[in-house]
Amino acid sequence: MSVVPVTMLRPELQPMKWLIEGWLPENSQAMLYGESGTGKSFVAIDMALSIACSEITDWHGLKIKHGGVLYLYGENFYRISVRLVGWAQAHGAKREDLDNIRIIPQPITITEESIKDIASEIEADGIKNLKLIIVDSLIWHFAGDPDSYSDAVQFLNNIAILQERFDCAALIIDPYDRDAFFTLADIALQTKQLTNTSISLLQRKNRTDTRQQPLYFELTRVEIDGATDEDGDPVTTVTLTSK
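Note that this is a predicted model, so its numbers are computed, not measured.

## Quick word on the state of the cysteines
Here comes step 1: Taken as a whole and assessed by the stated rule, the structure comprises zero disulfides.
Here comes step 2: Its sulfur unpaired, Cys-53 is 18 Å from the next cysteine sulfur, which belongs to Cys-168.

Written as structure tokens, this is what we have:
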């Protein structure tokens, strides 16, 4: 251990490195929370596919960096499949770009052991230039009490093992504004429903910069090409359009 006088410190001032300009720093741990039905997963998918698809030049007017995305999705696989296909259709995404996003479509409790398994899967799968890991949602991947500070620290430390290994950011999604996670996160984002077809995204915490002004989105209906349900009605989803 050494004690260093402040006068001896000559920090190299490095510009902030953003995955999404002003909203998601590289290598950060971010929370995205909001009540059920406020569009959290739609925001996460919109971010994820914008990062993964090289022909998408920005995220609603904000600069982005492209790379691979790993999406841990603990709920209904059909639901996220429809949302991903709908986004790709609406944005004209190419198949090779969609190969930059991978999904683990089952609940995985995040522990030191499971992190090793996930890391092995990432390496075996060959995800190129992994930039972002999304956990959707927290409750499907959490062991312990999510309102416990010590349990939250352990969870985020385990996620950090993956981040350090692959040099990427993490976005954790949850319906609740949990004090422990809010305190520990670098970035905290909140979705709110404005009308039946519009939402807002607010930056509640930004540890590295001033908080950004809210973003406003219309939920634009998309009919999936060639897909119908058992009654013959079109399969639909929504994508985000800036207001």
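## With respect to the sheet that holds strand β4 (residues 68-73)
Here comes step 1: The strand order across the open sheet formed by nine strands is β5-β4-β6-β7-β3-β8-β9-β10-β11, and the pairing between neighbours is mixed. The outermost strands of the open sheet, each flanked by one partner alone, are β5 (101-104) and β11 (234-242). Taking each pair of neighbouring strands and ignoring which way they run, the sheet shows an average axis angle of 25 degrees.
Here comes step 2: Two strands pair when backbone bridges link them, and strand β3 (residues 29-33) and strand β7 (residues 169-174) are joined in this way by five bridges, in the parallel orientation. Along β7, the bridge assignment pairs Leu-32 with Ile-173.

## Describing the environment of Trp-59
Here comes step 1: Mapping Trp-59 onto the fold places it in the loop between α1 (40-52) and β4.
Here comes step 2: Along the sequence, Trp-59 and Ala-48 sit eleven residues apart, while their C-alpha atoms lie 10.0 Å from each other.
Here comes step 3: Beyond its immediate sequence surroundings of up to four residues, Trp-59 is in contact with Ile-20, Asp-46, Met-47, Ser-50, Ile-64, Leu-201, Leu-215 and Phe-217.

## Observations concerning the packing of aromatic side chains
Here comes step 1: Taken as a whole and assessed by the stated rule, the structure comprises five aromatic pairs.
Here comes step 2: Between Phe-142 and Phe-155 the ring centres are 5.3 Å apart and the planes differ by 40 degrees, which places this aromatic pair in the tilted class. Of this pair, Phe-142 sits in the loop between β6 (130-136) and α5 (149-166) while Phe-155 sits in helix α5; the two residues are 13 residues apart in sequence, bridging distant segments of the chain.
Here comes step 3: Given a relative accessible area of 9%, Phe-142 falls into the buried group.
Here comes step 4: Here the aromatic residues Phe-142, Phe-155 and Phe-181 are joined through ring pairs into a cluster of three or more.
Here comes step 5: One Lys or Arg, Arg-83, reaches over the ring of Phe-42 and ends 4.4 Å from the middle of that ring.

## Some words on the packing of helix α4 (residues 112-125) against α5
Here comes step 1: In contact at an axis separation of 10 Å, α4 and α5 are set at 25 degrees when each is read in the N-to-C sense. With respect to each other, α4 and α5 are oriented roughly parallel. Regarding α4 and α5, the two cross each other, and that crossing is right-handed. Where α4 approaches α5, its residues Glu-112, Ile-115, Ile-118, Ala-119, Ile-122 and Glu-123 are matched on the opposing element by Gln-154, Asn-158, Ile-159, Ile-161, Leu-162, Arg-165 and Phe-166.
Here comes step 2: For the contact of α4 with α5, the per-class residue count stands at eight nonpolar, two polar and three charged.

Thresholds, definitions, all that
- Numbering of residues starts from 1 in every chain and runs along the sequence as written.
- The model is predicted, so local features are restricted to residues of pLDDT at least 70 and side-chain atom pairs to those at 80 or more, both for listing and for counting; the totals for chains, interfaces and linings are taken over all residues.
- Side-chain numbers here rest on the full set of heavy atoms in the structure, without hydrogens or water.
- By definition, disulfides here are pairs of cysteine sulfur atoms that lie within 2.5 Å.
- Paired strands, as defined in this entry, are two strands with at least two bridges between them according to DSSP.
- The numbering of helices and of strands both runs from the N terminus, where a helix is a DSSP run of H or I of at least 4 residues and a strand a run of E of at least 2.
- Lines are fitted to the C-alpha atoms to define the axes, a helix being fitted only along its stretch in contact, and any angle between axes, read from their N-to-C directions, falls within 0 to 180 degrees.
- The contact criterion used throughout is that any non-hydrogen atoms of two residues lie within 4.5 Å.
- To pair, rings of Phe, Tyr and Trp, with the six-membered ring standing in for Trp, must have centres within 6.5 Å; the planes then decide the type, stacked if under 30 degrees apart, edge-to-face if over 60, and tilted in the middle.
- Relative accessible area decides the class of each residue, using a 1.4 Å probe on protein chains only: under 20% of the type maximum gives buried, over 50% gives exposed, and in between gives partly exposed.
- To sit over a ring, a charge needs its Lys NZ or Arg CZ within 6 Å of the ring centre and within 35 degrees of the ring normal.
- By the definition adopted for this analysis, an angle is roughly parallel if under 35 degrees, roughly antiparallel if over 145, roughly perpendicular if from 65 to 115, and oblique otherwise.
- What makes a crossing left-handed is the near helix being turned counterclockwise from the far one by less than a right angle; a clockwise turn instead makes it right-handed.
- Amino acids outside the nonpolar list (Ala, Val, Leu, Ile, Met, Phe, Trp, Tyr, Cys, Pro) and the charged list (Asp, Glu, Lys, Arg) are all regarded as polar, and Gly is one of them.

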